[in-house]
Amino acid sequence: MPWRSELALDERDRTIATLRDENRSLARSVSELSLLNDLADAISRSLATQDVVDLIVQRAIHAVGAEQGAIVLLNGAAQEGGGQPTRRQPGEAPCRLVSSHPVLLERMRQGREPLLANDPQADARLDGIPFDGRVRSLLCLPLLVEGDLRGVLAVCNKRWGAGFTAGDQRLLSILASQAAQIVENARLREAEHERQSLQEELRAARLIQDGLLPEAPPPIPGYELAGASEPARTIGGDYYDFIQAGKSETAVCLGDVCGKGMPASLLMANLQAIIRTQTLARPPSAECLARCHSLFEAPARQCLERSNRLLCRCTRPERFVTLFYGLLDADKHTLRFSNAGHHPPLLLSYGREARWLRTGGIPLGIFEAWAYQEETVRLDPGDLLVLYTDGVTETRSPQGEEFGEERLEEAVRSCVSGSAGDVIGSVLAATDAFGAGSAHLDDRTVVVLRRDQ
């Protein structure tokens, strides 16, 4: 009967349609599984951020049949209002320019949901983006990590059909939800690797800096000399040195470079080279008198003035150095010194009041033509000279009070009969106790010179 044939045909068409739908669904599921498998492979291979971005864009283009694709990653300011693209990878310029346009980024930031536009030039949501006809269809998806927008995945121009479909949006939404965390993990890995590399470099720099400081004080008959330095960071800007300048003369130096960390340490190394050159380059006395009598008569002042000129010529104006330079004559038991803006060393003598050695001038590296002053003091048996940097006296208590010069003097007097090393230990222990165990914000360096009884 004819109606039975028509029923059979209808049933057959419905069956065919159902099979087609099932095949499409199966194909879609296979595509989704393939995408997820690629992402899992990216995780297992620990790809760099650049490689992860390339992989995601390539898979997105292939999955939905797009002509172009791009990922724009945002900096940390994205969710506060705007953010700027920090990376664009890869794809042709039209898709890259559209996906990084501030209007689209703001739309993604506010909505945090996919945007499908098969007629982008007429789409009110994209008003303000100058389309030039090369972008015919657009599908954008936010890359979210714990609700924060970290970037945008965009594909442009469907290769076939009228444009992107809801199925395309669903497929890339799955991709974007996984890709966001994968990209974030890659960025975190790179940041951790950079941090570890920096730490290795700092440790190497610390070893080099330790090598610049005196390994041990030179033996000086009738005197004891010691020094110790503790940087607030891995490397620091404090400098001390003991330089044998003649048969009975030893230069004792202590400096503090403006700033902390690597910049200060580099300037400290420069300072050491300058000071050693100026100390060791003193000509014999006869030649000295013939060429420049003042060099022989005022070696401490001359050293600072020459060092100051060199520093002014090789450092930026905002960089300067405070420095105490003393020249000990162990035969005459005198110390010629000049203080270039450094915290005044403490000189303790039996039966006399404490002295703070301030004579000198301004820090090095500020004014090239500065005339420094010089003074000579006599060191008697038992006299104790303590040099220190501001990391000692400016140590703060939990209440914000500074350690100061008076407490420094008390710490020294409490160990006045001990060795030079004992005095250094007493000073550092006192500042530790005063700071109640809190981290020191500045480098601490102490140098002690004692004339034996």
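Our structure's up above, just so we're on the same page.
S.K.: Explain the nonpolar core residue by residue, including any values.
M.R.: Within the largest apolar cluster, 25 residues are counted, with the highest numbers of intra-cluster contacts made by Ile 56, Val 64, Ile 71, Leu 143, Leu 153, Val 155 and Leu 172. Elements with a contribution of two residues or more to this core: α2 (49-64), β1 (66-74), β4 (138-145), β5 (148-158) and α6 (166-212). The element best represented in this core is α6, accounting for nine residues. Setting aside anything within four residues of it in sequence, one finds Val 155 in contact with Ala 60, Ile 61, Val 64, Ala 66, Gln 68, Gly 69, Cys 95, Ser 137, Leu 138, Leu 139, Phe 164 and Leu 172. Judged by nonpolar contacts, the second largest core, of 21 residues, contains Leu 254, Leu 347, Val 377 and Leu 449.

S.K.: So what's going on with the pairing of strand β9 (residues 321-329)? Residues and values would help.
M.R.: With nine of nine residues buried, β9 is to be regarded as a mostly interior element. Sheet topology places strand β8 (residues 249-257) next to β9; nine bridges connect them, and they run antiparallel. In the sheet register, Val 257 faces β9, and the bridge partner there is Val 321. Looking at chain direction, β9 and strand β10 (residues 334-340) are connected through seven bridges and run antiparallel. Bridge pairing in β10 places Tyr 325 opposite Ser 338. The hairpin turn running from β9 into β10, its antiparallel successor, is four residues long, and His 333 in that turn takes a positive phi close to 55°.

S.K.: Break down the sheet that holds strand β16 (residues 444-451) for me, with residues and values.
M.R.: The five strands are arranged β6-β16-β15-β11-β12 in an open sheet whose pairing can be described as antiparallel. Among the strands making up the open sheet, the edge pair consists of β6 (223-230) and β12 (355-356). By the bridge criterion, three bridges tie strand β11 (residues 346-348) to strand β15 (residues 384-388) in an arrangement that is antiparallel. Residue Leu 348 lies in a different strand from β15, and its bridge partner there is Leu 384. Here helix α12 (residues 404-413) sits on the sheet in contact with β11, β12 and β15, set at roughly 40° to β11. Sitting on the sheet, helix α13 (residues 420-434) is in contact with β6, β15 and β16, with an inclination near 145° to β16.

S.K.: Quick one: what's the story with the side chain of Ser 248, residue by residue and with numbers?
M.R.: With respect to the element layout, Ser 248 can be found in the loop between β7 (238-244) and β8. Engagement of the side chain of Ser 248 in a polar contact is seen with the side chain of Asp 329, the distance being 3.3 Å. Side-chain polar atoms of Ser 248 contact the side chain of Asp 331, separated by 3.4 Å. Sequence-distant contacts of Ser 248, that is, excluding residues within four places in its chain, are made with Leu 328, Asp 329, Ala 330 and Asp 331.

S.K.: Account for α12, with residues named and values stated.
M.R.: If you check which residues of α12 are buried, you get Gly 404, Leu 408, Glu 409, Ala 411 and Val 412. Next to the buried residues of α12 lie β11, β12, β15, α11 (390-393) and α13.

S.K.: Which residues make up the pattern of salt bridges, and what values do they have?
M.R.: According to the stated counting rule, one finds 15 salt bridges in the structure shown. The partner of Arg 195 in a salt bridge is Glu 192, with the nearest N and O atoms 2.7 Å apart. Of this pair, Arg 195 and Glu 192 both sit in helix α6, three residues apart, roughly one helical turn. Classification of Glu 192 by relative accessible area gives partly exposed; the value is 31%. Here Arg 378 and Asp 380 are joined by a salt bridge, their closest N and O atoms 3.2 Å apart. The exposure class assigned to Arg 378 is partly exposed, which follows from its relative accessible area of 47%. Looking at Asp 380, the relative accessible area reads 22%, which means it is partly exposed.

S.K.: Run through unusual backbone geometry, naming residues and quoting values.
M.R.: The bulk of non-glycine residues show a negative phi, and the bulk of peptide bonds are trans. One non-glycine residue with positive phi stands out, namely Glu 146, at about 50°. With respect to the secondary-structure elements, Glu 146 resides in the loop between β4 and β5. Under the relative-accessibility criterion, Glu 146 is labelled exposed at 77%. At Asn 157, a residue that is not glycine, the phi angle is positive and equals roughly 65°. Residue placement: Asn 157 occurs in strand β5. What makes Asn 157 buried here is its relative accessible area of 0%.

S.K.: Explain the pairing of β10 residue by residue, including any values.
M.R.: Most of β10 sits out of view: six of its seven residues are buried. Pairing of β10 with strand β14 (residues 375-378) involves four bridges; the strand directions are antiparallel. Note on β14: the bridge partner recorded for Arg 336 is Thr 376.

S.K.: So what's going on with the packing of α12 against α13? Residues and values would help.
M.R.: At their nearest, the axes of α12 and α13 sit 8 Å apart, and the two run at 135° to each other. Taken together, the axes of α12 and α13 are oblique relative to one another. Viewed along their axes, α12 and α13 form a crossing whose handedness is right-handed. Residues Arg 407, Leu 408, Ala 411 and Val 412 of α12 form the contact with α13, whose own contacting residues are Val 423, Ser 426, Val 427, Ala 430 and Phe 434.

S.K.: Hey, could you go over the environment of Val 257 for me, with residue numbers and the actual values?
M.R.: Relative to the elements of secondary structure, Val 257 occurs in strand β8. Sequence-wise, Val 257 and Val 321 are 64 residues apart; in three dimensions their C-alpha atoms are separated by 4.5 Å.

S.K.: Lay out a nonpolar patch on the surface in plain terms, naming residues and giving numbers.
M.R.: The grouping of Ile 366, Phe 367 and Trp 370 at the surface amounts to a nonpolar patch, some 290 Å² of accessible area in total. By secondary structure assignment, the location of Ile 366 is in the loop between β13 (360-361) and β14. The exposure class assigned to Ile 366 is partly exposed, which follows from its relative accessible area of 38%.

Cut-offs used in this document
- Residues numbered from 1 in each chain as written.
- Predicted model: local features only at pLDDT ≥ 70, side-chain atom pairs only at ≥ 80, totals over all residues.
- Heavy atoms only, no water.
- Core = buried A, V, L, I, M, F, W, Y, C linked by side-chain atoms within 4.5 Å.
- Buried < 20%, exposed > 50% of the residue type's maximum accessible area, 1.4 Å probe, protein only.
- Helix = DSSP H or I, 4+ residues; strand = E, 2+ residues; numbered from the N terminus.
- Contact = heavy atoms within 4.5 Å.
- Pairing = 2+ DSSP bridges.
- Axes fitted to C-alpha atoms, helices over the stretch in contact; angles between N-to-C directions.
- Polar contact = N/O pair within 3.5 Å; in protein donor to acceptor, adjacent residues only side chain to side chain.
- Salt bridge = Lys/Arg side-chain N within 4 Å of Asp/Glu carboxyl O.
- Parallel < 35°, antiparallel > 145°, perpendicular 65-115°, else oblique.
- Left-handed = near helix turned anticlockwise from the far one by under 90°.
- Patch = residues over 30% accessible without salt bridge, like charges linked within 9 Å, V, L, I, M, F, W, Y side chains within 5 Å.
- Areas by Shrake-Rupley, 256 points an atom, 1.4 Å probe, with all protein chains shown as cover.

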